[in-house]
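Secondary and tertiary structure notes
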Amino acid sequence: MMEHHHDHHSGGQRQVTSAIDKKSAGKSLQPAHSHDSRSEMVDDFRIRFWICLFLTLPILVLSPMIQHFAGLGGALRFRGDLYVSWALSSVVFFYGGYPFLKGFISELKARAAGMMTLIAIAISTAYVYSTAVVLGLAGMEFFWELATLIDIMLLGHWIEMKSILGASRSLEELAKLMPSSAHKVVKDGSTLEVPIEELVPGDLILVKPGEKIPSDGIVVDGISSVDESALTGESKPVPKEEGDEVIGAAINGEGSLTLRIHKAGADSYLNQVIELVRQAQESKSKTQDLANRAASVLTFVALVGGVLTLVAWLALSDQSLAFAIERAVTVMVIACPHALGLAVPLVVAASTSIAATSGLLIRDRAAFERSRNVNAIVFDKTGTLTEGRFGVTDIISFGEKFSKGEVLSFAAAIEAHSEHPIAKGIVAAVDGTRPVSSFRAVPGKGAMGDVDGKNILVVSPGYLRENQMQIPKSAQKDLDQLSVQGKTVIFVICNKELIGAIALADIIRSESKEAIGILRNQGIKCMMLTGDSGLVAKWVADEIGLDEYFAEVLPHQKSEKISEVQKRGLIVAMTGDGVNDAPALAQADIGIAVGAGTDVAIETADIILVKSNPKDIVAIITLAKATYRKMIQNLWWATGYNIIAIPLAAGALYKMGVVLNPAVGAVLMSVSTVIVAVNARSLGISSENKSS
């Protein structure tokens, strides 16, 4: 056995727990019910809008004010026209206004006056006052304002519900990725077409080229490549062979695969992702609390503002009661926190969907929102910044007799017969190995054999000391440098002559340096936590440009180190992939599990990254910042226009000829709703931050 000391992967078994209610095991998690109810609401608002719009046209034609504006005088007036307008407006009020009146009653029962209360009060005031005018009260009816106000409210809600449906449809789109049936392999070797709901762990299934994989499984036969881009964000097809795991709903490439089902139904990767996305979309956001507080304030402003406007116009001017009521109604309509109810939820829905399809899974929305403020990230080394496997980093040839390539080739030929991680690292560095004869192990020191007629030994430094073999002085400086870096060095001997040395270390991921560079440019301190030696830790830190590292840290000390960093006043994210990292992930302000693969329910993590790519950490922070920006933009779009619109609605510039009627107020409110919806849907994650 060679004297290779190597870093033990801290990953080990991952601490996982099902994110799914056990009662739903074996069932699909497609949220059809909520989708259907939202779809029915969209249809309901659409039908009500078109019917009310149709009825509004004769109301507009019969309005004395509209006729006057059109220069028709009273040409279209006739005996009883006011009663016709009242009858049509009554249908619009009770049929078109029904959703708002019903919502008002619900808010009243819940003792939580909100948007529906404002709309109901506005349209009811308009209708009751206009009806009183028809019955003989002195004043001016405004049926056309009432009808157009309800039309615009219905249109706004129709657009709103379509937006919500579109955002929530991401869950349905994920669910649609799963095929409906599978080719089950039966005892006689033939295949039987079965619904995927009938698959259970242990079943053998055949996946033909171009088909979708019906459930998570292990390849037992066949070689192919699999497209997982819609599930994990991995753009390149992933090679699969016997023993590899595959994800349900991924698309099989050029070869047939026989799989043994590993997870089915609610336990499958896709269904767990759907459940996590659903939970994240429904979870409370801190920004949503801000929106709710703003909505409460606006509700109060609308009710008080409407009453004050009515009283002020009646008390301080010679305007009619109809005019005063119109001003009050317009104030209440404009102040409706309509778009505010959408400002945050639409962004939440968009961001969680974008994240899920990029392999970035959010378990805790509050933690996700906090990640935008992270100013220190502590990385676990093995499996996160490095690949967790040994690879060749340096080759030294002693003299000119053999090239570096030949030194490596001789070593790989011998090590091809060993299962040691160091041996595997050397073999992986060459395209193919030469044949070996007379292979045998050198107990505790290495191995030997004949390659191309030459006696080759691949040995540890201990073998050189025992046999008093001298390292050439010209190579000593390079070897000392490798030792300082904490790398493992083995020596190659050909026909009893020392011909070279090979250095190995845990391979640093190609993306690590780039990710660290981006994070540091954003002002985030990057640190590393490892149980490895100080020499190894220093080499990795220097290679990728870390600010700081903690070496020789035992598993139980990791959370203590996180606490130390937090005591400096830093908001800390911890990234790790193993059971040893669980306490540290829990201690950190934001715990990020990296390289979870199909284990998407890591208990102690707030955010789960499916792949072991450090650039995904950059992506999640970038998405968190973009999400927060969208939320704040939407809050401004939803409320900012009130600063100008409410005074105008109250009649502040009446003497200058600037007056908003209720219909225009409803248009302004609806425009803000549309802007909020479009702005939320424009959320994206830049391609340079996604894993390539």
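Remember, it's a predicted structure, so these values are computed and weren't measured experimentally.

Notes on the pairing of strand β3 (residues 204-207)
- Taking every second residue as pointing to the same face, the buried face of β3 carries I205 and V207, while none of L204 and L206 on the other face is buried.
- Sheet analysis places strand β1 (residues 181-185) next to β3, joined by 2 bridges and oriented antiparallel. Of the residues in β3, the one forming a bridge with K184 is I205.
- Here β3 runs beside strand β9 (residues 257-263); their pairing, made up of 4 bridges, is antiparallel. The residue of β9 that forms the bridge with V207 is L257.

Some thoughts on the packing of aromatic side chains
- Scanning the model with the defined rule gives 8 aromatic pairs in all.
- With 4.4 Å between their ring centres and 5 degrees between their planes, F93 and Y127 make a pair best called stacked. Separated by 34 residues along the polypeptide, F93 in helix α3 (residues 81-96) and Y127 in helix α5 (residues 115-134) bring together distant segments of the chain. For the pair F93 and Y127, one class covers both residues: buried.
- An aromatic cluster of three or more residues is present, and its members are F93, F94 and Y127.
- Against the face of F323 rests R327, its NZ or CZ located 5.4 Å from the ring centre.

Notes on the UniProt feature "transmembrane region" (unreviewed entry) in the protein chain
- Here, UniProt's "transmembrane region" (unreviewed entry) annotation points to residues 47-70, 82-101, 113-136, 142-159, 294-316, 339-362, 635-654 and 660-680.
- The span residues 82-101 carries 95% helix and 0% strand; its end-to-end C-alpha distance comes to 25 Å.

Quick word on helix α10 (residues 321-334)
- Helix length check: α10 (14 residues) gives 20 Å between terminal C-alpha atoms against 20 Å at 1.5 Å per residue, within 8%.
- Most of α10 sits inside the fold, with 13 of its 14 residues counted as buried.

A short note on a nonpolar patch on the surface
- A cluster of nonpolar side chains, namely V297, F300, V301, V304 and L308, defines an oily patch on the protein surface of about 440 Å² accessible area.
- Position of L308 among the secondary structure elements: in helix α9 (residues 286-316).

With respect to the sheet that holds strand β21 (residues 590-594)
- If you trace the 7 strands from one edge of the open sheet to the other, you get β10-β22-β21-β20-β11-β18-β19, paired in mixed fashion. Among the strands making up the open sheet, the edge pair consists of β10 (360-362) and β19 (548-550). For this sheet, the mean inter-axis angle between neighbouring strands, taken without regard to orientation, is 20 degrees.
- Of the strand pairs in this sheet, β21 and strand β22 (residues 607-609) are connected by 3 bridges, and their pairing is parallel. Its bridge partner lying in β22, I592 is registered against I607.

Cut-offs and rules
- Residues numbered from 1 in each chain as written.
- Predicted model: local features only at pLDDT ≥ 70, side-chain atom pairs only at ≥ 80, totals over all residues.
- Heavy atoms only, no water.
- Buried < 20%, exposed > 50% of the residue type's maximum accessible area, 1.4 Å probe, protein only.
- Helix = DSSP H or I, 4+ residues; strand = E, 2+ residues; numbered from the N terminus.
- Pairing = 2+ DSSP bridges.
- Phe/Tyr/Trp six-rings, centres within 6.5 Å; stacked < 30°, edge-to-face > 60°.
- Lys NZ or Arg CZ within 6 Å of the ring centre and 35° of its normal.
- UniProt positions renumbered as here; feature names shortened; annotations may be inferred.
- Expected span 1.5 Å × (residues − 1).
- Patch = residues over 30% accessible without salt bridge, like charges linked within 9 Å, V, L, I, M, F, W, Y side chains within 5 Å.
- Areas by Shrake-Rupley, 256 points an atom, 1.4 Å probe, with all protein chains shown as cover.
- Salt bridge = Lys/Arg side-chain N within 4 Å of Asp/Glu carboxyl O.
- Axes fitted to C-alpha atoms, helices over the stretch in contact; angles between N-to-C directions.

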